[in-house]
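The chain contents come next:
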Amino acid sequence: MNSTLRTQVGQLAHRSVLRTLRQPAQIVPALIFPLFLLAVNSGGLKDATNLPGFPTSSYLTFALAVPFMQGALFSVMNAGTDLARDIETGFLNRLALTPLRGAALLSGLLAGAVVLGLIQAATYLVVGLTAGAELAAGVPGAFVIVALSVLITVGFGAIGLFAALRTGSGEAVQSLFPVFFVFLFLSSMALPRNLIQATWFRDIATANPVSYLLEAFRSLLITGWDAKALALGFGIAVAILAIGMFAAGSALRTRLVRT
Amino acid sequence: MTIGDSGKGIEVEGLVREFKNGPRAVDGIDLNVAPGEIYGFLGPNGAGKSTTVLMLTTLLPPTAGTARVAGFDIVSEGPRVRSAIGAALQEAALDPLLTGNEHMRLQTALHGIAKPERERRGRELLARVGLSEAADRKVGGYSGGMKRRLDLALALVHRPRILFLDEPTTGLDIQSRTALWDEVARLAAEEGVTVFLTTQYLEEADALAGRVGIIDHGRLVAEGTPAELKAEIGRPTVEAEPRDPEDQPRVAAVLERFGPGAGASPRGAAARLEGGESDLAEVVRALDAEGIAIERLQLHAPSLDDVFLAKTGRSLEGAGEAEEADTGETEVVEA
Amino acid sequence: MTGSRDIPADGRRREGGAFRAIALAVAWRSVHNFLTNPAFFVPALVFPLFFFVAFAGGLSAIAKAPGFDFPSGYTAFQFVFVLLQSAAFGGVFTGFGIARDFETGFARRFMLAATHRGGIVAGYALAALIRAFVTWTVLTTVALVAGMQVGGSGADLFGLFGLAVLVNLTATMWAAGVAMRVRSIQGGPLMQFPVFLILFLAPVYVPLALLSGWIHTVASVNPTTALLEAGRGFISGEPVTVALAFALAVTLPVLFALWARGGLKRAEAAG
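Parameters at a glance
- Residues numbered from 1 in each chain as written.
- Chains lettered and ligands numbered in written order.
- Predicted model: local features only at pLDDT ≥ 70, side-chain atom pairs only at ≥ 80, totals over all residues.
- Helix = DSSP H or I, 4+ residues; strand = E, 2+ residues; numbered from the N terminus.
- Rg over C-alpha atoms; globule rule 2.2 N^0.38 Å.
- Buried ≥ 20, exposed ≤ 12 C-beta atoms within 10 Å, placed from the backbone.
- Contact = placed C-beta atoms within 7 Å.
- Pairing = 2+ DSSP bridges.
- Axes fitted to C-alpha atoms, helices over the stretch in contact; angles between N-to-C directions.
- Core = buried A, V, L, I, M, F, W, Y, C linked by C-beta atoms within 7 Å.
- Domains from an automatic or database assignment.
- Parallel < 35°, antiparallel > 145°, perpendicular 65-115°, else oblique.
- Left-handed = near helix turned anticlockwise from the far one by under 90°.
- Nonpolar A, V, L, I, M, F, W, Y, C, P; charged D, E, K, R; others polar.
- pLDDT = per-residue confidence, 0-100.

The next subject is the overall build of chain C. What chain C contains, in helices and strands, is 10 helices and 0 strands. Element order for chain C, N to C, with α for helix and β for strand: α-α-α-α-α-α-α-α-α-α. The C-alpha atoms of chain C give a radius of gyration of 20 Å, which matches the 18 Å a tight globule of 271 residues would have. Referenced to the eigenvectors of the C-alpha coordinate spread, the extents of chain C come out at roughly 75 × 35 × 35 Å. Looking at chain C as a whole, 48% of its 271 residues qualify as buried. Contacts in chain C between residues at least 24 apart in sequence constitute 80% of all its contacts with a sequence separation of at least 6.

Regarding its fold elements, chain B presents 12 helices and 14 strands. Oriented by its inertia axes, the alpha-carbon framework of chain B measures out at about 80 × 45 × 40 Å. Each of the 335 residues in chain B was classed as buried or not, and the buried ones make up 48%. Restricting to contacts in chain B with at least 6 residues of sequence separation, those with at least 24 account for 67%.

Residues and elements named next belong to chain B. Taken in spatial order, the 4 strands line up as β2-β1-β4-β5 in an open sheet, and their pairing is antiparallel. Two strands bound the open sheet, and with one partner strand each, they are β2 (24–33) and β5 (72–73). Note: strand β1 (residues 10–18) against strand β4 (residues 64–69), 5 bridges, orientation antiparallel. What sits directly across from I10, in β4, is V69. Sitting on the sheet, helix α1 (residues 49–56) is in contact with β1, β2 and β4, with an inclination near 115° to β1.

V69 and V195 of chain B are the most contacted members of the largest nonpolar core, which totals 250 residues. Sorting elements by how many residues they give to this core places helix α3 (residues 73–104) of chain C first, with 17 residues. Ignoring sequence-local partners within four residues, the contact set of V195 of chain B consists of I38, Y39, L163, L165, V184, L187 and A188 of chain B. The next biggest cluster of nonpolar side chains, apart from the first, holds 12 residues, and it includes V238, V254, A264 and A271 of chain B.

Quick look at the domain arrangement of chain B now. If you check the domain split of chain B, you get domain 1 (10–225) and domain 2 (235–301). Summarising the inter-unit geometry, the C-alpha centres of domain 1 of chain B and domain 2 of chain B are found 43 Å apart.

All names here are of chain A. Look at helix α4 (residues 65–89) against helix α9 (residues 177–185): their axes get within 10 Å of each other, and the N-to-C directions meet at 160°. Taken together, the axis directions place α4 and α9 in an arrangement best described as roughly antiparallel. Handedness of the crossing formed by α4 with α9: right-handed. Packed against α4, whose contacting residues are M69, Q70, L73, V76 and M77, the element α9 presents F177, F180, F181 and L184 at the interface. Partitioning the contact of α4 with α9 into residue classes produces 8 nonpolar, 1 polar and no charged.

The next subject is the interface of chain B and chain A. Interfaces are frequently sized by the accessible area removed from exposure as the parts join. Residue-level contacts link 27 residues of chain B with 24 residues of chain A. Those elements that provide at least two residues to the side of chain B that touches chain A are α2 (78–84) and α3 (100–110) of chain B. Of the residues forming the side of chain B that touches chain A, the biggest block, 4 residues, is contributed by α2 of chain B. Grouping the amino acids of the side of chain B that touches chain A by side-chain chemistry returns 17 nonpolar, 7 polar and 3 charged.

Even without a glycine there, the phi angle at T58 of chain B is positive, about 70°. Structurally, T58 of chain B can be placed in the loop between α1 and β4. Backbone geometry places T241 of chain C, a non-glycine residue, at a positive phi of 45°. Examined against the element boundaries, T241 of chain C turns out to sit in the loop between α9 (223–236) and α10 (242–270). Judged by local crowding, T241 of chain C falls into the partly exposed class, with 18 C-beta atoms found within 10 Å.

Among the 2 pairs of chains in contact, the pair with the most contacts is chains A and B. Nothing in chain B touches chain C; the tightest C-alpha to C-alpha distance between them is still 16 Å.

Residue and element names in this part refer to chain C. The residue F52 is located in helix α2 (residues 38–58) in this model. Given 23 C-beta atoms within 10 Å, F52 falls into the buried group. With 72 residues separating them in the primary sequence, F52 and Y124 have C-alpha atoms 26 Å apart. Filtering out sequence-adjacent residues up to four positions away, F52 remains in contact with Q78, F79, V82, L139 and A143.

This brings us to the packing of α2 of chain C against α3 of chain C. All names here are of chain C. Taken N-terminus to C-terminus, the directions of α2 and α3 make an angle of 150°; their axes are 9 Å apart at the nearest point. Accordingly, the angle class assigned to the pair α2 and α3 is roughly antiparallel. For the pair α2 and α3, the sense of crossing is right-handed. Residues A44, P48, F51, F52, F55 and A56 of α2 pack against Y74, T75, Q78, F79, V82, Q85, S86, G90 and F93 of α3. By residue class, the composition of the contact of α2 with α3 is 10 nonpolar, 5 polar and no charged.

Residue and element names in this part refer to chain B. Mean pLDDT over chain B stands at 86; residues scoring 70 or higher make up 92%. The secondary-structure element of chain B with the lowest mean pLDDT is helix α12 (residues 319–324), recorded at 47, while β4 shows the highest, at 96. pLDDT under 50 marks residues 1–5. Its contacts with residues more than four places away, or in other chains, come to 12 contacts. In the model, residues 321–335 has pLDDT below 50 throughout and makes 16 contacts with residues more than four positions away in sequence or in other chains.

Attention now moves to the interface of chain A and chain C. On the side of chain C, 25 residues touch chain A, which itself brings 21 residues to the contact. Breaking the side of chain A that touches chain C down by element, the ones donating at least two residues are α2 (24–44) and α9 of chain A. A total of 4 residues in the side of chain A that touches chain C trace back to one element, the largest contributor, which is α2 of chain A. Considering only residue class, the side of chain A that touches chain C consists of 15 nonpolar, 4 polar and 2 charged.

Next up on the list: the pairing of strand β3 (residues 38–42) of chain B. Residues and elements named next belong to chain B. The buried count for β3 comes to 5 of 5 residues, which makes it a mostly enclosed element. Covered by surrounding structure in β3 are I38, G40 and L42 together with Y39 and F41, the residues of both alternating faces. Two strands pair when backbone bridges link them, and β3 and strand β8 (residues 194–199) are joined in this way by 5 bridges, in the parallel orientation. Within β8, the position partnered with I38 by the bridge is V195. Judged from the 4 bridges that link them, β3 and strand β9 (residues 211–216) form a sheet pairing that is parallel. Bridged to Y39 within β9 is R211.

Our focus in this paragraph is the sheet that holds β9 of chain B. Residues and elements named next belong to chain B. The strand order across the open sheet built from 6 strands is β6-β7-β8-β3-β9-β10, with neighbouring strands paired in mixed fashion. Two strands close off the open sheet at either side, each with one partner strand: β6 (85–88) and β10 (219–224). Going from strand to strand, the sheet's axes swing by 15° on average, the running direction of each strand aside.

It is worth spelling out the pairing of β6 of chain B at this point. All names here are of chain B. Alternating positions in β6 separate into two faces, I85 and A87 on one and G86 and A88 on the other, with burial throughout. Bridge count between β6 and strand β7 (residues 162–166): 4 bridges; the pairing is parallel. Within β7, the position partnered with A87 by the bridge is F164.

If you want it as C-alpha cells, here you go:
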C-alpha cells in the first residue's frame, strides 16, 4: 500500500490548517501586535512627513508596509515552533514510519502559514485603509499586496521549518525572533532610505533585502505601479522561499535519518 | 505490494550503534524473534533498549551489524520494513490539537488505505482500544492511559505483521497496564502479530513474553524463556522471620549454612538455597534444633531480577538510576 | 549547640537575618546563572544596544523636524528611552525566570528553605537590579563612545539612573506577581505585553509637544511620559516634571510590591 503525494500533502496541509486555527495564541498576537505598532508609530512619527523628500503626506500609508513584514516574523515562529513540537513529542517519528515523502511534509506544514498569511494580509489591509491609509494601486493593487504578503509569509515560514529541523527545539526557534527583529529594524522600516541620516545605517538598510520587500509594498500604497520595485520585491520573496525550502529540505534529510 | 514475508520475524546479527563522543549504546547484539512470538527486551534505563528499537524500526541507522525485519534489510530496504511494521515508541507521539478521529484519519491516509476503508478502520481500532467515546475530543485532554491506547491503535492501522512497543506501560495505572497487556496478548495469539516489547518492568516481561532478552550496557547478557532463565539460576530463596526479633541474627546464622545471604524483610533473614527446594526441610530442622521459634517461613522462586543480578552483579530495579550517577567506573550495587 | 550567631537575641533579629539570607541566596543564584549563561547574558546586553543603535542611528533625521529642539541631541534623547526600556524589560525577564522556576519545581526549593518567603521576591528583585546595572554600564559606555552629549550634572545623572532603578523595581514586582500567579512560562506574554504597551504609548520618537491626535491624548496620561520627560530633562541638564516623575516612580513599586505579595500568597496556597 502507498499513498500518493497529493494525498500526503493534502492530509498534512489539512492538519496544519486545523492546528493553526485551533491556536488563537498564534493568530491573535500576529494580528494585534503589528497593528498596535502601526498605530503607535504612525502617531509618533507623523512629523517625519515634514522632512523634505518624504514620499507621502500620510505616515500611516508609509508605515502600513511594516505589519506585512512583522507578520512574516510570526510565521517563522509559528511554523517553526509547531514543527519543533512535533520533533520533541516524537510525532515526526510517527510520520517517518509512514510512506510520507519529505517534500510532502514540508509543503503540508506550510499550508498553515498560507492560511495565516491570508488572514494577516486581509486584516492589515482592511484596518489600514479604514484608518485612512491610501492605496494608489487601487483594488488590483490590494490583490497584489495580499499575494506578496502570502509569498513572504510562506518564505519565512520555510526558514522557521529549517530552524526547527536543525535544532529540534521550540525554545531555539523562539530565540531567533530577535535576529529577525534586527533585520526588520535595520531597514527602511521607519524612514525612506534616502532620508536616513547615519551613513552606516543607510548602507545596512540598502544591503538589507527586507528594505526592498517593504518598498515593494509601499510602491503599491504610495506610487501605484512601480515595475522595478515590484520586481525587486517579488524576486527577493521568491529567493527567500527557495532558500528556505532548500535549507529545510536539507535539514529534514539530516533529521529524518531513516534508512 | 506484499507487507513483509509473513514467515519471517526479526533477525539481528552483531548490531552496533555508536554515538559521536559517546559510549556504544548498542554493542553487538544477536537475536532472533520468530513470527508470532512476543519477545520481551528487558533492561534498566540506559541499557540500549530504545536505541535497538530505533534501529530495527529504521529510524536510526546502525553503525555496524545487520538486521532483517519481516525479511527486509533495515538499511537497504527501509521503506519495505516500515510498511511491514507498526511502532509505539517511548513518547506517545501525538498531536494535542487533533482529536482521536483526526489522528486516525491522518494515519490511515498516510498509509495509503483507501478512502472508503479509512473511517471504518479508524472506528474499529478506536473501539478495540476503548476510545470510541473520546474519539472526538482533542488528545491534549486525554489521560496518559488513553494516549497510550491511541498510540497502539495508530500503530495498527495498516495491519502490520510486526509490532514494536517501547516501554508501552511506563507511567500507567494498573488497570490501563492490564488492558494494554490483554490487547497485546490477543494480537499475538489471535492475529499472529510478532511483538517486540521493551520494558523495565519484570512482571510485564513475565506476564507477556514468550522469550526474554536481557540487555545491559548495550549487550545481550541473557536470553531464553522466563522459566529457562530462572531455572538457570536455579536457587530459590528461603526467608524466615523469628517470633522474637532478637533472634534475627541467630536465624541469619542458621540460614547462611545453606547458602549466601539474600535480601529480606527488616525483621527476617534470607538465604539462597544452594541445594534447591529440597533443602527446605533441613532448614526447618536446623532452626528447630537451635530452638528458634519462627513466626513466618517463605520460599521464593527466582525472579528475572535474580537472573539479572546473577548475570551482571546488579539488581535490575534501581540499576538504571545507579547508572545515571555512574562516573564511568563499573559499580557493583548490592541486591 | 551551634555558634551564637544562630541563636538570636530576639525574634525580630532572626527574621531579619533569615530575610537577608534567603534574598542573598536567591539573588546569587540568579546573577550567577545570568553571568555564566550566554543565552541569558547576551540578549540582555544586545537588545538594548540594538534598540539604541536603531533608534538613535536610524531615526536621527527626525531631529530635523520643525519644533524638535532637544538641547542634547537625538542620541541622548533616545538613550533615555532605551535606558528606561531596558530597566522595564529587565524586570519582565526576571519574571520569566521566576515563572520557569515555578514550572520546573525549583521554586519549591526556595519555599521550603525560606522562613521568610518575602525574601525570595526580594532576592529576585535584587538580582534584576544587578543585571540591570551590568546592562546600563555597557549601554552608557557605548552611548558615550558614540558621542552622546550629556548636559546634566552628576546629581542630574544620579536622578536619571535613580528613575531607572525604580522603573526596574516596578517592572520586576509586576512580572513577579504575574509569574507567581500563573507559575508557568505561558504567562510570559501577559508579563510582557502591558509593559510594551505602556512604554510605546509614550513620546518614544519625538517629545510630547510634537505628538498629535489620539497618541498625544494617550501619552499625556501615560505615567511613562512623566518618567521619560524627567529623564530627558536630567540628561540635558534642564530637569522637568521631577516631582511628578519621582512621585510616580516611588508609588508604583510600592503598589506592585503589594501585587507581588499577593502572587506569593497564591503560590504558597497552591503548594
